[in-house]
Amino acid sequence: MKVTILQENLARGLGIVSRAVSPRSSLPVLANIMIATDEGRLQLSATNLEIGITCWIQAQIEEEGSTTVPARTFVDLVNALPGDKVLLNLDSSTETLNVRSGTSTNDIKGIDAQEFPPLPVPDMDGAVQLNVADFKEMVHQVAFVASTDEARPVLMGVLVIVDKDQITMAAADGFRLSVRTTKLDVSVTEKINIIIPARALTELARIASESDKVITMAIPKGRGQVIFRLNDVELVSQLIDGTFPDYQQIIPQSYKSRTLISTASFLKACKQAEIFAREGTNVARLDIKPAKGEMEPSEIEISAVSEETGKNETIVEATVDGDGVIIAFNVKYLREALEVINTPNVALETSAANAPGVVRPVGEDGFLHVIMPMHLG
Amino acid sequence: MSRTILHLDLDAFFCAVEENKNPALRNKAFAVGGKPNERGVVASCSYAARKFGVRSAMPISRALRLCPGLIIISSRHAQYSEASKSVMEHLYILTSWVEKISIDEAFLDISELTESPERIALGLQAGIRDELGLPSSIGIASNKLMAKIATEVGKKGAKGDKPPFALTIVPQGKEAQFLAPLPAEMLWGVGPKTGARLKGLGIGTIGDIASWPEEELIRQFGEYGRDMAKHAQGRDDRPVVTEHEIKSISQEVTFSSDIRDDKSINKSLVDLSAQVGRRLRKKSLAGTTIKLKIRWPDFKTLTRQTTLPNPTNQEKEIKETALKLLKKIRKSGQAVRLIGVGVTGLGKPIRQLELWQPESEKERKLQEVLNELKDKFGVNAIKQGN
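Residues numbered from 1 in each chain as written. Chains lettered and ligands numbered in written order. Predicted model: local features only at pLDDT ≥ 70, side-chain atom pairs only at ≥ 80, totals over all residues. Heavy atoms only, no water.

Trainee: So what's going on with the sheet that holds strand β11 (residues 301–312) of chain B? Which residues, and what values?
Mentor: All names here are of chain B. With antiparallel pairing, four strands are arranged side by side in an open sheet as β9-β12-β10-β11. Both edges of this open sheet fall to β9 (248–259) and β11, since each of them pairs with a single strand only. Across the sheet, the mean angle separating the axes of adjacent strands is 15° when strand polarity is ignored. Where β9 lies against strand β12 (residues 336–347), eight bridges are found, and the strand directions are antiparallel. In the strand pairing of β12, Ile 259 is matched with Val 336. Relative to β9, helix α12 (residues 262–282) is tilted by about 155°, and along the sheet it contacts β9, β10 (286–295), β11 and β12. (Pairing = 2+ DSSP bridges. Helix = DSSP H or I, 4+ residues; strand = E, 2+ residues; numbered from the N terminus. Axes fitted to C-alpha atoms, helices over the stretch in contact; angles between N-to-C directions. Contact = heavy atoms within 4.5 Å.)

Trainee: Lay out the interface of chain A and chain B with the relevant residues and their values.
Mentor: Reports of interface size often rely on the accessible area that becomes lost once the parts have come together. Across the boundary between the two partners, chain A contributes 23 residues, which contact nine residues of chain B. Overall, the association of chain A and chain B removes approximately 1500 Å² of surface from exposure, summing both partners, and the carbon and sulfur fraction of that is 68%. Considering only the surface of chain A that becomes buried against chain B, A:Phe175, A:Met372 and A:His375 emerge as the three largest contributors, covering 34% of it. Joining chain A to chain B, the criterion identifies zero salt bridges. Here chain A and chain B share six residue pairs in polar contact (both at pLDDT 80 or more) between them. Those elements giving two or more residues to the side of chain A that touches chain B turn out to be β13 (176–183) and β26 (374–375) of chain A. Residue composition of the side of chain A that touches chain B, by class: 14 nonpolar, six polar and three charged. (Buried area = accessible area lost by both parts, 1.4 Å probe. Salt bridge = Lys/Arg side-chain N within 4 Å of Asp/Glu carboxyl O. Polar contact = N/O pair within 3.5 Å; in protein donor to acceptor, adjacent residues only side chain to side chain. Nonpolar A, V, L, I, M, F, W, Y, C, P; charged D, E, K, R; others polar.)

Trainee: Lay out the environment of B:Asp9 with the relevant residues and their values.
Mentor: Residues and elements named next belong to chain B. Along the polypeptide, Asp 9 turns up in strand β1 (residues 5–10). Judged by its relative accessible area of 14%, Asp 9 is buried. Separated by 127 residues in the primary sequence, Asp 9 and Ser 136 place their C-alpha atoms 5.7 Å from one another. Residues in contact with Asp 9, not counting those within four places in the same chain, are Asp 104, Glu 105, Ser 136, Ser 137, Thr 151 and Lys 155. (Buried < 20%, exposed > 50% of the residue type's maximum accessible area, 1.4 Å probe, protein only.)

Trainee: Describe the environment of A:Phe135, naming the residues involved and giving the relevant values.
Mentor: Residue and element names in this part refer to chain A. With respect to the helices and strands, the residue Phe 135 is situated in helix α3 (residues 132–142). Separated by 32 residues in the primary sequence, Phe 135 and Ile 167 place their C-alpha atoms 9.8 Å from one another. Those residues in contact with Phe 135, other than ones at most four positions away along the chain, are Leu 130, Met 169, Leu 201, Leu 204, Ala 205, Ile 215 and Phe 228.

Trainee: Go over the sheet that holds strand β5 (residues 98–102) of chain B, please, and point to the residues and values.
Mentor: Residues and elements named next belong to chain B. Read across the sheet, five strands follow the order β5-β6-β1-β7-β8 without closing on themselves; strand pairing throughout is mixed. In this open sheet, the two strands that pair with only one neighbour each are β5 and β8 (167–169). Neighbouring strand axes in the sheet, compared pairwise and without regard to direction, differ in orientation by 15° on average. Bridging between β5 and strand β6 (residues 105–109) involves four bridges; their strand directions are antiparallel. Paired with Val 98 across the bridge in β6 is Leu 108. Running at roughly 165° to strand β7 (residues 136–141), helix α5 (residues 117–132) makes contact with β1, β6, β7 and β8 of the sheet.

Trainee: Account for the packing of α3(A) against helix α4 (residues 198–207) of chain A, naming residues and giving values.
Mentor: Residues and elements named next belong to chain A. For the pair α3 and α4, the least separation of the axes is 9 Å and the interaxial angle reads 135°. Judged by the inter-axis angle, α3 sits oblique to α4. In this structure, the crossing between α3 and α4 has a hand that is left-handed. Residues Phe 135, Lys 136 and Val 139 of α3 pack against Leu 201, Thr 202, Leu 204 and Ala 205 of α4. (Parallel < 35°, antiparallel > 145°, perpendicular 65-115°, else oblique. Left-handed = near helix turned anticlockwise from the far one by under 90°.)

Trainee: Tell me about the packing of α12(B) against helix α13 (residues 315–329) of chain B, and name the residues and values.
Mentor: Residues and elements named next belong to chain B. Look at α12 against α13: their axes get within 8 Å of each other, and the N-to-C directions meet at 140°. As summarised for this structure, α12 and α13 are arranged oblique, according to the angle between their axes. Note on packing geometry: the crossing formed by α12 with α13 is right-handed. Where α12 abuts α13, its residues Ile 265, Asn 266, Leu 269, Val 270, Ser 273, Ala 274, Val 276, Gly 277, Leu 280 and Arg 281 lie against Glu 315, Ile 318, Lys 319, Ala 322, Leu 323 and Leu 326. Grouping the amino acids of the contact of α12 with α13 by side-chain chemistry returns ten nonpolar, three polar and three charged.

Trainee: A description of the packing of aromatic side chains should follow, citing residues and the corresponding values.
Mentor: Residue and element names in this part refer to chain B. Counted according to the given criterion, the structure contains six aromatic pairs over all chains. Connected via pairs of aromatic rings, a cluster forms that spans Phe 13, Phe 14 and Tyr 80. The ring of Tyr 47 has Arg 50 lying over it, and the distance from NZ or CZ to the ring centre is 4.4 Å. (Phe/Tyr/Trp six-rings, centres within 6.5 Å; stacked < 30°, edge-to-face > 60°. Lys NZ or Arg CZ within 6 Å of the ring centre and 35° of its normal.)

Trainee: Before we move on, can you summarise unusual backbone geometry with the specific residues and values?
Mentor: The phi torsion of most residues other than glycine is negative, and most of the peptide bonds are trans. Residues and elements named next belong to chain A. Residue Glu 95 is not a glycine yet carries a positive backbone phi of 55°. Checked against the element boundaries, Glu 95 lands in the loop between β7 (85–91) and β8 (96–101). What makes Glu 95 buried here is its relative accessible area of 15%. Despite not being glycine, Lys 213 shows a phi value in the positive range, around 60°. Inspection of the secondary structure assignment puts Lys 213 in the loop between α4 and β15 (214–218). Look at Lys 213 and you get exposed, because its relative accessible area is 59%.

Here it is as structure tokens:
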């Protein structure tokens, strides 16, 4: 293999694939990045067996070939090279990759590309076309609530349902649920219902740029995998096996009070409360006060107490429709929900101190967030 | 409501600490105090020195005249405070109702504990001796006054030059009877002056005081006479005042003989977890860190802990966590001398509710009902079947 490539392009490509490298795997080759020539371009791949990322970059190919090199060494080196042309030259008898740029020359010991796990041949039949901007927003609004608890693998994923021209993403960690639905430009004929690891979606949202415009998603039959394709990038992820708990059933069908409040003011109040709440059990108390009379204001009082550091109390003007209630939430959950809401106003629906609270952006029906309160004992 | 108060007094505390530091002192006549040329006094003296008539608060010069070979050791208060702290920590394992009255003395309200007072006392004495190498005497009675006098009586009754390790229990209702033959000076507040005045009135024993009409005592001694009359009957309703902020709740058991049987050990752990859970709930507390303590027959002691995502005061969660910790450090069939379970990281029992009501939530509701029943009808009112 003999290839000339722009340092900038190589560094960008490595930035994309290196997130899938598995540095502490028992399989040494998984700590490597595969480099191969592929129809006039250079292909870079990395995988941790759960997620695999491949990226193609423009290159000048003099001689075909492939190898794998330790990701850390290669990535750090390329980032340190002067921003100019980089010449990659593989000595296949010793499996050593010579990396030359300007006056710098380096030899990196590789492992034969044959040992790298084979990448799936994409089968894009029945693929779903997703708008990149919509996809990124959906992931941003949903994936963060997915659990990190390996005891409940199903909750470490995002449930993705595609039905006709509608796509829904849902994730929950046992204490909160985030659901986002949006329309597809092109309908699907067959209903899709899969659980994708939250990490795969988050990675994909990070990689996808606006210039990609469209993400193609395919679920090849019987492989337990999902493949996403962008212009120059492909991401393959294992699906999570199992049944996602029935989330519809826990979305409250009614409420006793609905509080309309400025998203920014509510978020600010939560951030202040969190400064004190985080010292203890993360609890913020919400005292939702309906108007006392016709011309009286209604408000919501957010407060947090820390035994050590002190306390906070913020009153935010709100339109309270219904009964007053005092309810406590993990303020981090509340803050994180408000941070992904784009509308100027938000509605908080509550029924009782021990019943779930629902947060909805006002004027945007596609998103809802359910948070279980905390029991104050 | 009847109470059970335990008074613990370390025997010749400073000397015992010095002996631990320097075993060559064991069985020797020595005293802890200021330097002899500085006109210091004896702060504490060994039981061997007591045989010569050496006493606490005696000028060292006099002590040396009584016992010419007396070894004098300068006080090292930092060390005594350290040892005292370890003793108090031992007491807090038993209950959070501990009132420290001096460096070597404390009251414990053990009314809520289920074990018999005698077993508690023996366990405490053994634990403090085995773990800290310190001898102690204990008095148990229905109030603070009686418990303290019981300890004194026990210590006085001990003979020989060894620490007394006394244990004296005054049964409920026998207070006045217990006090009657004791000299009036053993009553709180009766010093040499009052003692002399009492003698003038023909009063020598506490029983004599008790037989005097209260009005007469008030006439003679003012308000103090009222207290004297009450105390002479063995009555005292001052509570045990604890300043200690509860930092942990734990429970441990020392087996009368080492246990190897997995089933019995697991059963002890389950019982201890239940007791810890009950005490947490009673105080409206919950904790995030579960601790397991284990002592092997060679006295090597290990503790292991795990922190849970949410505070708990539930028997089941404490038990399951403790059993997991036990599995990590104990091989099946390995002999155990002591086992303990504790919960720290205490706070209000705030808990995050879950979207899908899990088993633990149902368990909690069941426990709430069971606890109510137990509070009403006693701990044996309802038990888990097999």
